[in-house]
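# Coordinates in review
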Amino acid sequence: MSEQRDRRVAWGVTWLAYATYYTGRKGFSAAKSSIASELHVGERMLGAIDAAYLTTYALGQFANGLLGDRIGARRLIGYGMLLSAACCVAFGRASTALAFLICFAVNGYAQSSGWPGTTRAMAEWTTAQNRGTVMAFWATCYQVGGIAASVIAGWLLVRYGWRSAFWGPALIIGVVALLVLVLLKPAPREPSKQSLYLPGSSTAPLVAAPDIALADAPLRRAAQKAVLRNPVLWLYATSYFFIKFIRYALLFWLPYYLTKRLGYAEDDAAYASTAFEVGGIVGVIVIGTLSDRVARLSRSMLAATWLGGLAVLLLFYGWYAGTSVLANVSILALVGAALFGPDSLISGAAAQDAGGRHAAATATGFVNGVGSLGAILEGFAVPLLTARFGWDALFPVLVGLAVCAALALLPALRRRAPPELTA
């Protein structure tokens, strides 16, 4: 019973933690218009601040992926959240573009502890057989977190000014960090006689389970090296590069687009943009559950199919978003379902399968890190593209990127991750 309780606590506290991370990154998106008008910060500088955040976030994914497999999930998440809370306080006190850029850059590194840390913990407390379904429900954390963060930021911004959209989240992040440090435990080692396989290796066992306690450190290092040589992981990362460009283009610029291009009020734009994450919740649950239950379809095949649907929906959104609020919100919800489904599957369960228990943080950190390079490119590309060709040019570009994301998965459609030691 104690192990079952610890498993439920791990699932719950990591879900809450990653949802909470979003409050530390959504404030700037909601406050862009206020910062631009009050402090005369131009669109290119706003994009540069985004890019600084995403650069340190990407580098941090690689570093924290390796670190998470060495120091454990609890410390990586807890200390990372405390640093993010401090950055939010500093951002709320700043008044110059340079100060914003520095604060958001440090926050990017702090925020990068979230995905490799929480997915490391979940890899320990799930198995290859149930991971798709469990992660499908768990991965709603970043849709729910995004929705809650947008609502909180919009509410604070309208009532107390844009600085409060950073101070309020700082308090929330700090409290949840303490919960993680107190409650999150590592999973017990598997005591069975099962053989341990290296991710990306042949079917020959590396070491038997009774030797794990003695061989854990070299085993971890070997597993990390093996997974980084796995071609399937590189295919996942390439696809995620395009996926994350699209996701961050929408996450960072939707409220601004709705305000400047379609004439929404700031708080209405923040609220309407949450349809993106609401649809994402449904998409994540459906695709993750299917990936466990439909044995003839690999996770890669499901993701590629949904990405094709995303391309069509993005085309429709570009055409019909301005016709009515109902059309905007409805299509945006479908876009969210078609994007967040493969997003969570590739960066979560599929990458965890590839990494196994001993290199899960390395695998998820690598995929997310390469994906974040796409998000960095988005930070520069979107302002340049819209300045030259207007906001209506954005969505055809996103359609092309969705197609590229699907094509990148084609070589991996028939390939599955090798057996692993279950948690």
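Since we're looking at a predicted model, the values are computed, not measured.

Thresholds applied
Residues numbered from 1 in each chain as written. Predicted model: local features only at pLDDT ≥ 70, side-chain atom pairs only at ≥ 80, totals over all residues. Heavy atoms only, no water. Helix = DSSP H or I, 4+ residues; strand = E, 2+ residues; numbered from the N terminus. Rg over C-alpha atoms; globule rule 2.2 N^0.38 Å. Buried < 20%, exposed > 50% of the residue type's maximum accessible area, 1.4 Å probe, protein only. Contact = heavy atoms within 4.5 Å. Areas by Shrake-Rupley, 256 points an atom, 1.4 Å probe, with all protein chains shown as cover. Core = buried A, V, L, I, M, F, W, Y, C linked by side-chain atoms within 4.5 Å. Salt bridge = Lys/Arg side-chain N within 4 Å of Asp/Glu carboxyl O. Patch = residues over 30% accessible without salt bridge, like charges linked within 9 Å, V, L, I, M, F, W, Y side chains within 5 Å. Lys, Arg positive; Asp, Glu negative; His and termini not counted. Charge placed at Lys NZ, Arg CZ, Asp CG, Glu CD. Expected span 1.5 Å × (residues − 1). pLDDT = per-residue confidence, 0-100. Axes fitted to C-alpha atoms, helices over the stretch in contact; angles between N-to-C directions. Parallel < 35°, antiparallel > 145°, perpendicular 65-115°, else oblique. Left-handed = near helix turned anticlockwise from the far one by under 90°. Nonpolar A, V, L, I, M, F, W, Y, C, P; charged D, E, K, R; others polar. Phe/Tyr/Trp six-rings, centres within 6.5 Å; stacked < 30°, edge-to-face > 60°.

A few words on the overall build of the protein. On a plain count of helices and strands, the protein comes out with 15 helices and two strands. Computed over C-alpha atoms, the radius of gyration of the protein comes to 21 Å, within 12% of the 22 Å expected from 2.2 N^0.38 for 423 residues, which places it in the range of a compact globule. Counting only C-alpha atoms and orienting by the principal axes, one finds that the protein spans roughly 65 × 40 × 35 Å. The buried share of the protein, reckoned over its 423 residues, is 60%. Considering only contacts within the protein whose residues lie at least 6 apart along the sequence, 84% involve residues at least 24 apart. Carbon together with sulfur atoms contributes 67% to the accessible area of the protein, which is approximately 15,900 Å² in total.

What follows is about the nonpolar core. In terms of nonpolar packing, the biggest core is built from 120 residues, with Leu 250, Tyr 317 and Leu 398 touching the most fellow members. No other element matches the 21 residues that helix H14 (residues 325-389) contributes to this core. If we ignore the near neighbours within four places in the chain, the residues touching Leu 250 are Pro 255, Phe 276, Leu 314, Val 335, Leu 339, Phe 395 and Leu 398.

Turning to the pattern of salt bridges, a few remarks are in order. Applying the stated rule across the entire model yields 10 salt bridges. Ionic pairing is found between Glu 277 and Lys 26, a salt bridge with its closest N-O pair at 2.8 Å. Residue Glu 277 is found in helix H12 (residues 266-293), and its partner Lys 26 is found in helix H2 (residues 23-39); the two are separated by 251 residues along the sequence. Like Glu 277, the residue Lys 26 is buried in the burial classification. For the salt bridge of Lys 32 with Asp 50, the shortest nitrogen-to-oxygen distance reads 2.6 Å. Linking Lys 32 in helix H2 with Asp 50 in helix H3 (residues 43-71), this pair joins segments that are 18 residues apart in sequence. What makes Asp 50 buried here is its relative accessible area of 1%. The network of salt bridges with shared partners includes Asp 69, Arg 120 and Glu 124.

The grouping of Arg 70, Arg 221, Lys 225 and Arg 229 at the surface amounts to a positive patch. Mapping Arg 70 onto the fold places it in helix H3.

This part covers helix H15 (residues 394-408). Over its 15 residues, H15 extends 21 Å from the first C-alpha to the last, a length consistent with the 21 Å expected when each residue adds 1.5 Å. In this fold, the buried residues of H15 make contact with helix H11 (231-260), helix H13 (299-320) and H14.

Per-residue pLDDT for the protein averages 84, and the proportion of residues at 70 or more is 90%. Between residues 417-423, whose pLDDT stays under 50, and residues either more than four places distant or in other chains, the model counts 31 contacts.

In contact at an axis separation of 10 Å, helix H1 (residues 2-21) and helix H9 (residues 164-183) are set at 155° when each is read in the N-to-C sense. The pairing of H1 with H9 is recorded here as roughly antiparallel in orientation. Note on packing geometry: the crossing formed by H1 with H9 is left-handed. Side by side, H1 and H9 meet where Val 9, Val 13, Leu 16, Ala 17 and Thr 20 of the first sit next to Ile 172, Ile 173, Val 176, Leu 179, Val 180 and Leu 183 of the second.

Summarising the element assignment, Thr 14 is placed in helix H1. We classify Thr 14 as buried; its relative accessible area is 1%. Those residues in contact with Thr 14, other than ones at most four positions away along the chain, are Ile 77, Thr 118, Ala 121, Met 122, Trp 138 and Leu 184.

Turning our eyes to something else, we now look at the packing of H11 against H14. Direction vectors running N to C along H11 and H14 enclose 145°, while the axes themselves pass 7 Å from each other. In the contact of H11 with H14, the residues fall into 35 nonpolar, six polar and four charged.

What follows deals with a nonpolar patch on the surface. On the surface, Val 9, Leu 16, Leu 171, Val 175, Leu 179, Val 182 and Leu 183 cluster together into a nonpolar patch covering about 590 Å² of accessible area. Elements supplying a minimum of two residues to the nonpolar patch: H1 and H9. Structurally, Leu 16 is set in helix H1.

Before going further, it helps to spend a moment on helix H5 (residues 97-111). Taking 1.5 Å of rise per residue, the 15 residues of H5 would be expected to cover 21 Å, and the 20 Å separating its terminal C-alpha atoms lies within 8% of that figure. Among the residues of H5, Phe 100, Cys 103, Phe 104, Ala 105, Asn 107, Gly 108, Ala 110 and Gln 111 are the ones counted as buried. Those residues of H5 that are buried lie in contact with H1, H2, H3, helix H4 (73-93) and helix H6 (114-124).

What the rule picks out here adds up to 31 aromatic pairs. Relative to Trp 115, the ring of Tyr 18 has its centre 5.1 Å away and its plane inclined at 65°; by these criteria the two rings are edge-to-face. Of the two residues, Tyr 18 is situated in helix H1 and Trp 115 in helix H6; the sequence distance between them amounts to 97 residues. Note on accessibility: Tyr 18 and Trp 115 belong to one class, buried. Between the aromatic rings of Tyr 256 and Trp 391, the centroid separation amounts to 6.1 Å while the plane-to-plane angle is 45°, which identifies the pairing as tilted. Taken as a pair, Tyr 256 in helix H11 and Trp 391 in the loop between H14 and H15 lie far apart in primary sequence, 135 residues in all. When its relative accessible area of 12% is taken as the criterion, Trp 391 is described as buried. Of the aromatic side chains, those joined through ring pairs into one cluster are Tyr 18, Tyr 21, Tyr 22, Trp 115, Trp 138, Tyr 142, Phe 276 and Phe 340.

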